[in-house]
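Residues per chain are reported as follows:
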Amino acid sequence: MKTFKMISFGLLSGDKADYLPMHDGIIINQENSHRMWILEMFLDVEHKERFEKLKAEDELVEAKVVISYPENEPAAFVLAVDTIQEIGDRVSVLLKGRLKRQRSEYAEQLLSELLDRGFEGQALLERFESDMRSRPRLKKN
């Protein structure tokens, strides 16, 4: 197993990621044959109901997770809510899941999509640089 610091966690909804303000977070690569990961985050208790609903509906969620360093590219995960534990005015949320896919050809797909949308010249360069940082979901995924 390998353990890493979770820097940020964003729940995906459509093309947008809703990044939740974490007090702390950890991510564990179990390095097993199922390629499972465990994520635990410590949030304000106001987020408890949201995760309880996802767990009750047995719904898989997609998330973008930045691991170890803020400048790292977010990794895409498909996760299930496993455990929710209230601790004072905070809540611990444990999720289990898998990497959605490796970060293959994202830049090429993004560039193709921006060209299809009519971007060119300096506007293309600026939008490409911006989207490479924010990593929006692409239509071709």
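Scroll up a little and you will see the structure.
This write-up is about the structure you can find in this document. (Residues numbered from 1 in each chain as written. Predicted model: local features only at pLDDT ≥ 70, side-chain atom pairs only at ≥ 80, totals over all residues. Heavy atoms only, no water.)

### A closer look at the nonpolar core
Consideration 1: Counting residues in each nonpolar core, the largest one holds 23 residues, and the members touching the most others are Phe9, Leu39, Phe51, Val65 and Leu95.
Consideration 2: For this core, the elements supplying multiple residues, two or more each, are strand S1 (2–13), strand S4 (37–44), helix H1 (48–56), strand S5 (61–67), strand S6 (75–87) and strand S7 (90–99).
Consideration 3: With five residues, S6 is the largest single contributor of residues to this core.
Consideration 4: Not counting residues within four places of it along the chain, the set of residues in contact with Leu95 comprises Phe9, Trp37, Ile38, Leu39, Met41, Phe51, Val61, Leu79, Ala80, Val81 and Asp82.
Consideration 5: Leu110, Leu114, Leu124 and Leu138 belong to the second-largest nonpolar core, a separate cluster that totals five residues. (Core = buried A, V, L, I, M, F, W, Y, C linked by side-chain atoms within 4.5 Å. Buried < 20%, exposed > 50% of the residue type's maximum accessible area, 1.4 Å probe, protein only. Helix = DSSP H or I, 4+ residues; strand = E, 2+ residues; numbered from the N terminus. Contact = heavy atoms within 4.5 Å.)

### Regarding the side chain of Asn29
Consideration 1: For Asn29, the position within the fold is in strand S3 (residues 22–29).
Consideration 2: Here Glu31 takes part through its backbone nitrogen, which lies 2.8 Å from a polar atom of the side chain of Asn29.
Consideration 3: Other than its neighbours up to four places away in sequence, Asn29 contacts Met1, Lys2, Phe4, Met36 and Trp37. (Polar contact = N/O pair within 3.5 Å; in protein donor to acceptor, adjacent residues only side chain to side chain.)

### Some words on the pairing of S3
Consideration 1: Of the pairings in the sheet, the one linking S1 to S3 comprises four bridges and is antiparallel in character. Across the sheet, the residue bridging to Thr3 is Ile28, located in S3.
Consideration 2: Where S3 and S4 come together, seven bridges link them in antiparallel fashion. Each bridged residue has a counterpart across the sheet, and for Ile28 the counterpart in S4 is Ile38. (Pairing = 2+ DSSP bridges.)

### Section: the packing of helix H2 (residues 106–116) against helix H3 (residues 121–134)
Angle between the axes and distance between the axes are the two parameters that describe a pair of packed helices.
Consideration 1: Between H2 and H3, the shortest axis-to-axis distance is 10 Å and the interhelical angle comes to 140°. Overall, the two elements H2 and H3 adopt an arrangement that is oblique. Here the hand of the crossing between H2 and H3 comes out right-handed. Note on element contacts: H3 touches H2 through Leu124, Arg127, Phe128, Asp131 and Met132, opposite Tyr106, Ala107, Leu110, Leu111, Leu114 and Leu115.
Consideration 2: Of the residues assigned to the contact of H2 with H3, the class counts are nine nonpolar, no polar and two charged. (Axes fitted to C-alpha atoms, helices over the stretch in contact; angles between N-to-C directions. Parallel < 35°, antiparallel > 145°, perpendicular 65-115°, else oblique. Left-handed = near helix turned anticlockwise from the far one by under 90°. Nonpolar A, V, L, I, M, F, W, Y, C, P; charged D, E, K, R; others polar.)

### Examining the packing of aromatic side chains
Consideration 1: All chains considered together, the criterion is met by two aromatic pairs.
Consideration 2: Site record: aromatic cluster; members linked through ring pairs are Phe4, Trp37 and Phe77. (Phe/Tyr/Trp six-rings, centres within 6.5 Å; stacked < 30°, edge-to-face > 60°.)

### Examining the side chain of Asp131
Consideration 1: With respect to the helices, strands and loops of the structure, Asp131 is situated in helix H3.
Consideration 2: In contact with Asp131, other than residues within four places in its own chain, are Tyr106, Leu110, Leu114 and Pro136.

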